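# Observations on chain architecture
Chain residues, written in single-letter form:
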Amino acid sequence: MIVNTELENKGNQFPSKIIDFKKDVDRLYFYTNNDVILQITVVRDSVLRFRYTTVGNFDNDFSYAITKYASTGYNKLEIDDKKDKYIVTTSKLRCEISKESLRVSIFDAKDNTLINQDEIGFHWEESYQFGGNIVKMSKVSNDGESYYGLGDKPNHLNLKGKRYTNWVTDSYAYGKDTDPIYKSIPFYTGLHHGKAYGVFFDNTFQSFFDFANERRNVTSFWAQGGEMNYYFFYGPKMTDVVESYTDLTGKPHQLPPMWALGFHQCKWSYYPESKVKEITSTFRKLQIPCDAIYLDIDYMDGFRCFTWNKEHFPDPKRMVKELEDDGFKTVAIIDPGIKIDKHYSVFKEGLEKDYFCKRADGAYMKGKVWPGECYFPDFTRPEVRDWWSGLFKELIEDVGIKGVWNDMNEPAVMEVPNKTFPDDVRHDYDGNPCSHRKAHNIYGMQMARATYHGLKKFRYPKRPFVITRAAYSGTQRYTSTWTGDNVATWEHLWIANIQAQRMAMSGFGFAGSDIGGFAEQPQGELFTRWIQLGIFHPFFRVHSSGDHGDQEPWAFDEDVTDIVRKFIEIRYQLLPYLYTAFWNYVDHGTPMLKSLVLYDQEDVQTHYRTDEFIFGEHILACPILEPNAKGRRMYLPRGSWYNYWTDEVVKGGKEMWVDADIDSMPIFVKEGAIIPKYPIQQYVGEKKITEITLDVYYKEGKENSELFSDANDGYDYTKGRYSLRNFTLTGRKDELIINQFKEGKYITEYETFKINIHGLPFDINEIELDNQTISLEQIKVNGTHSIVVDKNFSELHFMA
Ligand code: GLC
């Protein structure tokens, strides 16, 4: 690995003066007299793309990250040719390009704040060994600037003062300081003077980010090849930055089936069939809700993908059907390595059709994985992806598997020093042939994409469900993800919390950790605390390596089972709330988890907080991360919050102690929120849900809440068959009004809302439902006020 440090480098080259300028609709070209061209594309008023070449023309413009559905279009574009600079102005940004140095400065168009400024700016070093350039960018880092993003980095949320590498890597039992690990998401958000912007360096080569580490006032990024090609997003709100990035690299192509938001149980491995059944029936016997059961590599015949070990699973179709009848969806693992075995049909076909990756000089890329020596499909070839998608026909359509788990797709190779393919391996890269240096970071993404298309086709009219370990920016369009092989330690609970939040602010929200830890075995207390955190992670799965004992909710003592059940039940009650947050994510890229800085960037107290986060729009959660705790100190963001357990209202903007014995954890609800809840089910769809509970948290003032519902699977919602209910709560000293605005043509199964009012400061003497006085009989006073109303009410008015 070449480590480039900015200062030490003698081989750096720099652009010279601008000598010419050309405009082509939304593209602007700045030509220098040493063959450097800067191309700026105005993607939107707040999104600019910067692309540099050093050889007088650009490579074919191709990216796996950018979605064709990205929004484009701007309201204003003006270019001024000044004596020493060009000025490009949109309705949001003013971008100045120095004629002397090609350096760029970007300002807020409205108030002139300098948002981002090149230090040296673009520079490069020729790569003698590989050809092309090592491309570099350096920017000024402001005093007090903070940085966030970069996917799955297991370190402090605020990246300031650190240097990171992007190179997807199989990282068994990684630690807090391991870098890189499984994902490569070269996107960060910078925040200073209360304003946030983002940078997405869309370059798939190994890349590096230095956040004021080498030099206090400089943030830089560079890559081992390819182009300097980055997108700049302006907020000023951090949520807008994350949403713009997610819009560009893609929101999930559809909602997940609701069951995928339930609880999943996994282990390496549950087999034979009787073991699988023993696990699933124990869930039902103990009444612990669970929706998915996983088959790890041992279900296969000698780890050959798309085969079954018939001794352990004599009739997979029957088994999967029986599990389904009991509410369990079976998810199976599929790895990229195809066993070299001339009697194995997938291998034979791949060979005949020439679908496997080759070395530079023509030999096949051979590497050891679970099955022994393997060849690996080149997922960067469209026809290989089609073939791969087609391989799922039997598993999905015939056997009835509901989801697929893609693993080892970094791609991981065993017993070699760099744990992956050598650099010289060739890839098609969708018609842009290249070496593994360029394709490595997107290999796993393209595998997950091919898998997704298989599931999408063979599960139709149901929705696909895929999980991947490796990912590059944009992978969130196709699949969910988990954070890889973590460890059963308290530190890893901290890491899991960081990673889920960081993934959310990196556009990849459908993420979770191996609950309880993959390697080693947790004590019951750690497992309990991890489940408590896990109920707030969009992907909610227990997984373990299996060699250290059992990790089911009943594998510890009975108290653990009871507490774990209680928390999983809370998750199941919150499903309509999480589903609504997911819809917001799919619809406008809104992160489902919001670190405090994302929630309230103006409060500088939030910039270095790591533990607390907002789940959806209105729930604040903070895990207990230490053994023997009876509670913890935590920061409550500004505003007033109801303690979820006691309804006590506390004012935020301060740090405070919160009690949380082992059967509890700090959870707060924002005042004014309306939280929709399901009754407890053992799995999604177990019960016909005729009533949804709305927990209404009184506030003096106004607050909006939403409830999205549809068929919980299928694509009808894309044709308008969804129901979106917008609730506005207005509270005054002696009255509370809830207004409902409805959208969409889906007729929900539920008929009524059971409304529970928390924290009402007055006794109710009169209630009007859509302007008609209704009887007070319904109101039961057992601590909270409760009333059942028709789901289609427009206005509900409580008066003193
Ligand atoms: C890898 C995965 C892990 C899986 C194991 C066996 O270590 O990360 O989740 O259980 O392989 O397939």
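Residues numbered from 1 in each chain as written. Predicted model: local features only at pLDDT ≥ 70, side-chain atom pairs only at ≥ 80, totals over all residues. Heavy atoms only, no water.

Our focus in this paragraph is the site of the ligand. Around the ligand, the surrounding shell consists of Trp-268, Asp-296, Ile-297, Ile-333, Trp-370, Trp-405, Asp-407, Arg-469, Trp-482, Asp-485, Phe-518 and His-543. Between Asp-296 and the ligand, the recorded distance is 2.5 Å, taken from a side-chain N or O atom to an oxygen atom. Asp-407 has a polar side-chain atom sitting 2.9 Å from an oxygen atom of the ligand. Relative to its free-state accessible area of 310 Å², the ligand is covered by the protein chains to the extent of 98%. Partitioning the shell around the ligand into residue classes produces seven nonpolar, one polar and four charged. (Near = heavy atom within 4 Å. Polar contact = N/O pair within 3.5 Å; in protein donor to acceptor, adjacent residues only side chain to side chain. Areas by Shrake-Rupley, 256 points an atom, 1.4 Å probe, with all protein chains shown as cover. Nonpolar A, V, L, I, M, F, W, Y, C, P; charged D, E, K, R; others polar.)

Moving on, we get to the packing of helix H9 (residues 524-534) against helix H10 (residues 558-573). As a packed pair, H9 and H10 sit with axes 9 Å apart at the nearest point and diverge in direction by 5°. In terms of their interaxial angle, H9 and H10 are classed as roughly parallel. Mapping the contact onto sequence places Gly-524, Phe-527, Thr-528, Ile-531, Gln-532 and Gly-534 in H9 and Val-560, Ile-563, Val-564, Phe-567, Ile-568 and Arg-571 in H10. Across the contact of H9 with H10, the residue classes tally to seven nonpolar, four polar and one charged. (Axes fitted to C-alpha atoms, helices over the stretch in contact; angles between N-to-C directions. Helix = DSSP H or I, 4+ residues; strand = E, 2+ residues; numbered from the N terminus. Parallel < 35°, antiparallel > 145°, perpendicular 65-115°, else oblique. Contact = heavy atoms within 4.5 Å.)

Before going further, it helps to examine the packing of aromatic side chains. Summed over all chains, the structure comprises 76 aromatic pairs. Seen from their ring centres, Phe-465 and Phe-539 are 6.3 Å apart, and the 40° between their planes marks the pair as tilted. Here the residue Phe-465 occupies a position in the loop between helix H7 (436-459) and strand E28 (466-468), and Phe-539 occupies one in the loop between H9 and strand E33 (541-542), the gap between them amounting to 74 residues. With relative accessibility at 1%, the residue Phe-465 sits in the buried group. (Phe/Tyr/Trp six-rings, centres within 6.5 Å; stacked < 30°, edge-to-face > 60°. Buried < 20%, exposed > 50% of the residue type's maximum accessible area, 1.4 Å probe, protein only.)

Here we come to the sheet that holds strand E35 (residues 613-615). Overall, antiparallel pairing links the six strands, which are arranged E34-E35-E36-E41-E38-E39 in an open sheet. Only two strands of the sheet have a single partner each, and these edge strands are strand E34 (593-595) and strand E39 (649-651). Within the sheet, the average angular offset between the axes of one strand and its neighbour, ignoring direction, is 35°. Against the sheet, helix H8 (residues 490-504) touches E34 and E35, its axis set at about 105° to E34. (Pairing = 2+ DSSP bridges.)

When its domains are assigned, the chain resolves into domain 1 (6-166 + 178-235), domain 2 (258-335 + 386-578), domain 3 (593-670) and domain 4 (688-799). The partner domain 3 presents 29 residues to the 25 residues of domain 2 that form the contact. Interface area, domain 2 with domain 3, both sides summed: about 2400 Å², of which 67% is carbon and sulfur. For the pair domain 2 and domain 3, the number of links is zero salt bridges. (Domains from an automatic or database assignment. Buried area = accessible area lost by both parts, 1.4 Å probe. Salt bridge = Lys/Arg side-chain N within 4 Å of Asp/Glu carboxyl O.)

Chain-level pLDDT for the chain is 97 on average; 98% of the residues reach the 70-or-more range. When mean pLDDT is taken per element in the chain, strand E36 (residues 619-621) scores highest with 99 and strand E50 (residues 780-782) scores lowest with 56. (pLDDT = per-residue confidence, 0-100.)

This part takes up empty space enclosed by the protein. Over the atoms, a rolling probe the size of a water molecule traces out where space has been left empty. Counted under the stated rule, the structure contains three cavities of 30 Å³ or more. Each pocket or cavity is described by its volume, and for the largest cavity that value is around 120 Å³. A class-by-class count of the residues in the lining of the largest cavity yields ten nonpolar, five polar and one charged. (1 Å grid on protein atoms, 1.4 Å probe; cavity = no way out; pocket = protein on both sides within 12 Å on 5 of 7 lines; lining within 4 Å. Points joined across faces, edges and corners; volume = space filled by probe spheres on them.)

On to the side chain of Glu-569, then. Here Glu-569 lies in helix H10. Although buried, Glu-569 forms no salt bridge, and the nearest oppositely charged side chain, Arg-565, lies 4.8 Å from it. The residues touching Glu-569, leaving out its near neighbours within four places in the chain, are Gln-287, Pro-289 and Ile-680. (Lys, Arg positive; Asp, Glu negative; His and termini not counted.)

Turning to the sheet that holds strand E30 (residues 480-482), a few remarks are in order. Each strand in a sheet pairs with another by means of backbone hydrogen bonds, the pair being arranged parallel or else antiparallel. Pairing is parallel in the open sheet, where nine strands are placed in the order E31-E30-E28-E25-E21-E20-E19-E33-E32. If you trace the sheet from one side to the other, it starts and ends with strand E31 (511-512) and strand E32 (514-515), each paired once. Alignment of E28 against E30, held across two bridges, turns out to be parallel. Bridged to Thr-468 within E30 is Thr-481.

Let us now look at the environment of Ser-794. By the element assignment, Ser-794 lies in the loop between strand E51 (784-790) and strand E52 (795-799). Separated by 259 residues in the primary sequence, Ser-794 and Ile-535 have C-alpha atoms spaced 32 Å apart. Those residues in contact with Ser-794 that sit more than four places away from it in its chain are Ile-738, Asn-739, Gln-740, Lys-742 and Asp-770.

In terms of nonpolar packing, the biggest core is built from 191 residues, with Trp-388, Ile-531 and Ile-755 touching the most fellow members. Trp-388 has contacts with Phe-306, Ile-334, Asp-335, Pro-336, Ile-338, Pro-377, Phe-379, Met-447, Ala-450 and Thr-451, leaving out every residue within four places of it along the chain. With 41 residues, the next largest nonpolar core counts Tyr-188, Phe-209, Phe-221 and Tyr-230 among its residues. (Core = buried A, V, L, I, M, F, W, Y, C linked by side-chain atoms within 4.5 Å.)

Quick look at the state of the cysteines now. As enumerated under the stated definition, the model contains zero disulfides in all. No disulfide involves Cys-374; its nearest neighbouring cysteine sulfur is the one of Cys-305, lying 7.9 Å away. Residue Cys-374 is classed as buried on the basis of its relative accessible area, which comes to 0%. (Disulfide = S-S within 2.5 Å.)

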